[in-house]
Amino acid sequence: MSMYREPAHRGSAKATVLRTVGTRERRSHLTAPRVPTVGIDIGGTKVMAGVVDADGNILERVRTETPDKSKSPQVVEDTIVELVLDLSDRHDVHAVGIGAAGWVDADRSRVLFAPHLSWRDEPLRDALAGRLAVPVMVDNDANTAAWAEWRFGAGRGEDHLVMITLGTGIGGAILEGGQVKRGRYGVAGEFGHMQVVPGGHRCPCGNRGCWEQYSSGNALVREARELAAADSPVAYNIIDRVGGHIPEITGPLITELAREGDAMCVELLQDIGQWLGVGIANLAAALDPSCFVIGGGVSAADDLLIGPARDAFRRHLTGRGYRPEARIAKAELGPEAGMVGAADLARLVARRFRRATRRRVERYERYERYAQGLRAQGLRGSRR
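Residues numbered from 1 in each chain as written. Predicted model: local features only at pLDDT ≥ 70, side-chain atom pairs only at ≥ 80, totals over all residues. Heavy atoms only, no water.

It is worth spelling out the pattern of salt bridges at this point. Scanning the model with the defined rule gives 20 salt bridges in all. Note that Glu158 and Arg327 form a salt bridge whose closest N and O atoms lie 3.0 Å from each other. With Glu158 in the loop between helix 3 (141-152) and strand 10 (160-166) and Arg327 in strand 14 (residues 327-330), the pair connects residues that are 169 residues apart, well separated along the chain. With a shortest N-O distance of 3.4 Å, Asp302 and Arg259 are connected by a salt bridge. A residue pair is termed long-range when its members are at least 10 positions apart, and Asp302 in the loop between strand 13 (291-295) and helix 8 (303-316) and Arg259 in helix 6 (residues 251-259) qualify at 43 residues. (Salt bridge = Lys/Arg side-chain N within 4 Å of Asp/Glu carboxyl O. Helix = DSSP H or I, 4+ residues; strand = E, 2+ residues; numbered from the N terminus.)

Structure representation (structure tokens):
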């Protein structure tokens, strides 16, 4: 397996001995043990793992390619185990958190569906906990990213936060009162599949007019490629940049050209931003958060995207002019947010593990004292 390692920024910790399992989350991050944990972010192209301390600092990270989705779930799990064991050779790992790009059930034990992996109702938590012998936490990657931004990034201090992740599609998460709101079945936050244009563009989910068909990386690239394929005069610059190979038009290239002042690319990002603002206004009507955090790869366009989004949000907000407006902020932790959040959520699980271990030690010590007393009585009796 090809693996790329980035060195630790601090001294290596002693090697770990992986021990027993605990799986239930402790909800308060304030009482979580300040121990290093591993966070894992699993996407369609890469698996990134890192050791994260209690302040959100990444001590070391490793990454590798995601095994082909046609392979069995076992192959992906093998990859995760290999990365964790590699990191545990140099760090005292107390728990593992996983942010998966897919639907995770309310108990955070099974991945119900992962579009880029072969997980279908996969009991991921128990499968990995049995092999790693430490507490394992599984959650949706947007939830883990939102948690990281709330703890360490753009959402610090917010009691009601909604995160929007703009990538290939649109993901999202809701935090309220220091807890991720996952819904009854664990799949809350799939904002990208709100229908905003009845009968609009077909979405891979099977419906038409989903929000992510108008405000996502896929939407941005689709519009640029359609203009280029039509040989539009406004697309000549981008056509020249890719040497006429239209499939080579990508989101980062569009953002790069927009920063250079290309009129078409600026306009495309404005369009995506306006649709983003419309969707955020709808979410504000339903959820009334104090802050929206915008993350994901498309957010790298900064104010070329978020500026139009703020304008559209103000135009479409219900009760505009007579209600407080939520703050709209760009995410601060970048592509590492999901990994950092998964590690921090896993730290909550480690508390139960440590308590259970302490109780076992205390029971053993009580038994030893009791056994020593019996032995002492036996010796006194034999001397008589």
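What follows covers the pairing of strand 4 (residues 58-65). Among the eight residues of strand 4, six are classified as buried, and the element is accordingly described as predominantly covered. As judged from the seven bridges shared by strand 3 (residues 46-52) and strand 4, these two strands associate in the antiparallel manner. Looking at the pairing, Val47 lines up with Thr64 of strand 4. The hairpin turn running from strand 3 into strand 4, its antiparallel successor, is five residues long, and Gly56 in that turn takes a positive phi close to 85 degrees. (Buried < 20%, exposed > 50% of the residue type's maximum accessible area, 1.4 Å probe, protein only. Pairing = 2+ DSSP bridges.)

Core analysis: the largest hydrophobic core is formed by 42 residues, its most contacted members being Ile164, Ile238, Leu276, Phe292 and Phe313. Elements supplying a minimum of two residues to this core: strand 10, strand 11 (170-176), helix 4 (217-229), helix 5 (236-241), helix 6, helix 7 (263-287), strand 13 and helix 8. Looking at which element gives the most residues to this core, the answer is helix 7, with 10 residues. Discounting residues that sit within four places of it in the chain, Ile164 has contacts with Ile170, Gly171, Phe191, Trp211, Leu276, Leu283, Val293, Ile294 and Gly295. (Core = buried A, V, L, I, M, F, W, Y, C linked by side-chain atoms within 4.5 Å. Contact = heavy atoms within 4.5 Å.)

Here we take up the sheet that holds strand 8 (residues 120-122). Read from one edge to the other, the open sheet built from three strands follows the order 6-7-8, with strand pairing classed as antiparallel. Because the sheet does not close on itself, it has two edges, and the strands there are strand 6 (103-104) and strand 8. Across two bridges, strand 6 lies against strand 7 (residues 111-113) in antiparallel orientation. Directly across from Val104, in strand 7, lies its bridge partner Val111.

Tracing the sequence through the fold places Glu77 in helix 1 (residues 73-88). Overall, Glu77 belongs to the buried group, its relative accessible area being 4%. Residue contacts for Glu77: discarding those within four places in its chain leaves Trp119, Glu122, Leu124, Ala127, Leu128 and Arg131.

Turning to the environment of Pro335, a few remarks are in order. Here Pro335 lies in the loop between strand 14 and helix 9 (337-383). Residues Pro335 and Gly295 lie 40 residues apart in sequence; the distance between their C-alpha atoms is 8.5 Å.

One non-glycine residue, Asp231, adopts positive backbone phi at about 55 degrees. Mapped onto the elements of the fold, Asp231 is located in the loop between helix 4 and helix 5. Residue Asp231 is classed as partly exposed on the basis of its relative accessible area, which comes to 47%. Phi angles above zero are rare outside glycine, and Asp302 is one such case at about 55 degrees. Residue classification places Asp302 among the partly exposed residues on the basis of a relative accessible area of 30%.

Attention now goes to the confidence of the model for the protein chain. Averaged over all residues, the pLDDT of the protein chain equals 83, while 82% of them reach at least 70. Taken together, the stretch residues 7-27 has pLDDT below 50 and engages in 66 contacts with residues farther than four places along the chain or on a different chain. Below pLDDT 50 for its whole length, residues 355-361 participates in three contacts with residues either more than four positions away or in separate chains. (pLDDT = per-residue confidence, 0-100.)

With that out of the way, let us pick up the packing of helix 7 against helix 8. Where helix 7 meets helix 8, the axes come as close as 7 Å, and the angle between the chain directions of the two elements is 45 degrees. The orientation of helix 7 relative to helix 8 falls into the category oblique. Helix 8 is crossed by helix 7, and the crossing has right-handed handedness. Contacts between helix 7 and helix 8 involve Leu269, Gln270, Ile272, Gly273, Gln274, Leu276, Gly277, Val278, Ile280, Ala281 and Ala284 on the former and, on the latter, Leu304, Leu305, Pro308, Ala309, Ala312, Phe313, Arg315 and His316. Counted by class, the contact of helix 7 with helix 8 contains 13 nonpolar, five polar and one charged residues. (Axes fitted to C-alpha atoms, helices over the stretch in contact; angles between N-to-C directions. Parallel < 35°, antiparallel > 145°, perpendicular 65-115°, else oblique. Left-handed = near helix turned anticlockwise from the far one by under 90°. Nonpolar A, V, L, I, M, F, W, Y, C, P; charged D, E, K, R; others polar.)

This next bit is on the packing of helix 6 against helix 7. Axis separation between helix 6 and helix 7 bottoms out at 7 Å; the angle between their running directions is 115 degrees. Handedness of the crossing formed by helix 6 with helix 7: left-handed. Contacts between helix 6 and helix 7 involve Ile254, Thr255, Leu257 and Ala258 from the former and Cys265, Val266 and Leu269 from the latter. Taken together, the residues that form the contact of helix 6 with helix 7 break down as six nonpolar, one polar and no charged.

Backbone hydrogen bonds hold the strands of a sheet together, and the pairing may be parallel or antiparallel. Strand order in the open sheet formed by five strands is 12-11-10-13-14, and the pairing between neighbours is mixed. At either margin of the open sheet sits one strand with a lone partner, and together these are strand 12 (179-180) and strand 14. Two elements, strand 13 and strand 14, share four bridges in a ladder whose sense is parallel. Opposite Phe292, over in strand 14, you have Ile328 as the bridge partner. In the packing of helix 3 onto the sheet, contacts are made with strand 10, strand 11, strand 12 and strand 13, and the angle to strand 11 comes to roughly 50 degrees.

The buried count for strand 5 (residues 96-100) comes to five of five residues, which makes it a mostly enclosed element. A two-sided burial pattern is seen for strand 5, the buried positions comprising Val96, Ile98 and Ala100 on one face and Gly97 and Gly99 on the other. When strand 2 (residues 37-42) meets strand 5, the two strands line up parallel, connected through five bridges. If you follow Asp41 over to strand 5, its bridge partner there is Gly99. As paired elements, strand 5 and strand 9 (residues 136-140) share five bridges and run parallel to each other. Counted as the bridge partner of Gly99 is Asp139 from strand 9.

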